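Remarks on the overall topology
Residues per chain are reported as follows:
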Amino acid sequence: MAFNSPLQRFTQRISIFVAALTITFSLALPAALAEQGLTLKTPPKIAMVVYGPIYDGGWSTSFNEARLRMQDTLGMPISYADKLDENDARVIVVVERFIADGHNIIIGTANDFSSIFEVLAKRHPDIAFLNAAGTTNGTNLLSFYGRSYESQYLCGMLAGLKSPNGKLGFVAAKNITVVNWSINGFALGAKRTHPDSKVGLRYTNSWADPRAEELASRDLINMGAEVLGQHVDTPAPQKTAQQMGVFSTGQHRDQSNLTPDTTLCSSIWVWDRYLVPEIRKIMAGAWVPEPYGALPDFKNGPADISINEELVPTPWIERVMAERQLLIEGKDIFVGPLKDNQGVLRLADGETMSLENLWQMDWLVEDVDSVTHNDNRERSMAHGGTE
């Protein structure tokens, strides 16, 4: 049995104390850095990493248009790389090259970049990372999005007004929160102006698949949809609707420029409205990202609407714009009693949606009928479609 002298026991106690102190400081250091915020070590140089092609006419084009406006507003060039969808290795290579070239503010544009940006942000703690529709955050990483369910709500109001029988269709990309809340917003807006409206829904299970979007659009129209809404990355639903003589509402940017005869309204992104102030915060130094990501309100966020004034009657425009003002003032569209399409009560009478529950929206409101693209293809084939 070993014998420990008083001196040895004292030394052991000191060693344990120092080890504990070291652990305490090592755990406290990230929190201290977070409180101090990020200050760029070199003059700001911005790069944007775009998910799809900047000419896709939808999501990616909306970012490029914002990038061009931001260059003018901030008075500096903003580099970019596009066509990076679903290619993790290429995203990493492109971002590393931007950083090696001196870029210290990196803007991502995709939910699919979430894990990649988290890795890159930890690898480069002196670089500011922002990612639209992302799900990861950190001391130098901020995911951000806009309340598109509110802009879709306004477009849904016009869809309800334009639909004689309340038969609507909606083409959606993926069964995830930020798409589901767009569908729900559209459906609730339609209910506001046409209480008996119903929405047929088709998921394409892809962000950008023009052929699948066309197929889903045709199926919904063949089944009686009088107005078509959408949340996919391309304007294929608008093109299909116009070809088939049906009205529609667009997503991501003003689609009436492309389909002026049938696009009533578009739920649009004005990304620079959010990004310019946030980038100026980064430039000012001691930038502290919101720990759970940014979802700015309708007044200050990137979501908005564009109405085709050549197609929509003035009284309808005034009604929708009055509702838009209420949203700016803080109106909540998710208010109980509210049931889902399975009859489950989601919000009790007078209850509003918490931010936590909003981010967990894996359900659809009443009178939304959903099938997948595979089911949709079978139906379309039965109607004589090809694929």
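Look up a bit, the structure's there.
Reading the values: the criteria
Numbering of residues starts from 1 in every chain and runs along the sequence as written. With pLDDT at 70 or above as the cut-off, local features in this predicted model cover only qualifying residues; side-chain atom pairs require 80 or more to be listed or tallied, and sums for whole chains, interfaces and linings still use all residues. Calculated side-chain values reflect all of the structure's heavy atoms, with hydrogen atoms and water omitted. For the purposes of this entry, the term helix denotes a DSSP run of H or I that reaches at least four residues, the term strand denotes a run of E that reaches at least two, and both are numbered from the N terminus. For the exposure calls, accessible area comes from a 1.4 Å probe over protein chains only, and a residue counts as buried if that area is under 20% of its type's maximum, exposed if over 50%, partly exposed in between. For this analysis, residues touch if any pair of their heavy atoms sits within 4.5 Å. Per-residue accessibility takes into account occlusion by the displayed protein chains alone, with areas from the Shrake-Rupley method and a 1.4 Å probe. We call a set of buried Ala, Val, Leu, Ile, Met, Phe, Trp, Tyr and Cys residues a nonpolar core when their side-chain atoms join them within 4.5 Å.

**Focus on the overall build of the chain**
Across its full length, the chain holds 12 helices and 14 strands. Within the chain, the proportion of its 387 residues that are buried is 52%. The long-range share in the chain, meaning contacts at least 24 apart out of those at least 6 apart in sequence, stands at 68%. Roughly 17700 Å² of accessible area belongs to the chain as shown, and the carbon and sulfur atoms make up 53% of that amount.

**Remarks on the side chain of Q238**
Position of Q238 among the secondary structure elements: in helix α8 (residues 236-243). Residues within four places of Q238 in sequence aside, it is in contact with L228, Q230, S248, T249, G250, Q255, T259, T262 and T263.

**Overview of the environment of T139**
Mapped onto the secondary structure, T139 falls in the loop between β4 (128-132) and β5 (141-144). Residues T139 and Q36 lie 103 residues apart in sequence; the distance between their C-alpha atoms is 9.8 Å.

**Digging into the nonpolar core**
One finds I106, F129, W271 and F334 to be the most contacted residues of the largest nonpolar core, which totals 106 residues. Sorting elements by how many residues they give to this core places helix α6 (residues 177-193) first, with 8 residues. Leave out the neighbours within four places in its chain, and F334 touches Y149, W181, N184, L188, L347, E351, T352, M353, L358 and M361.

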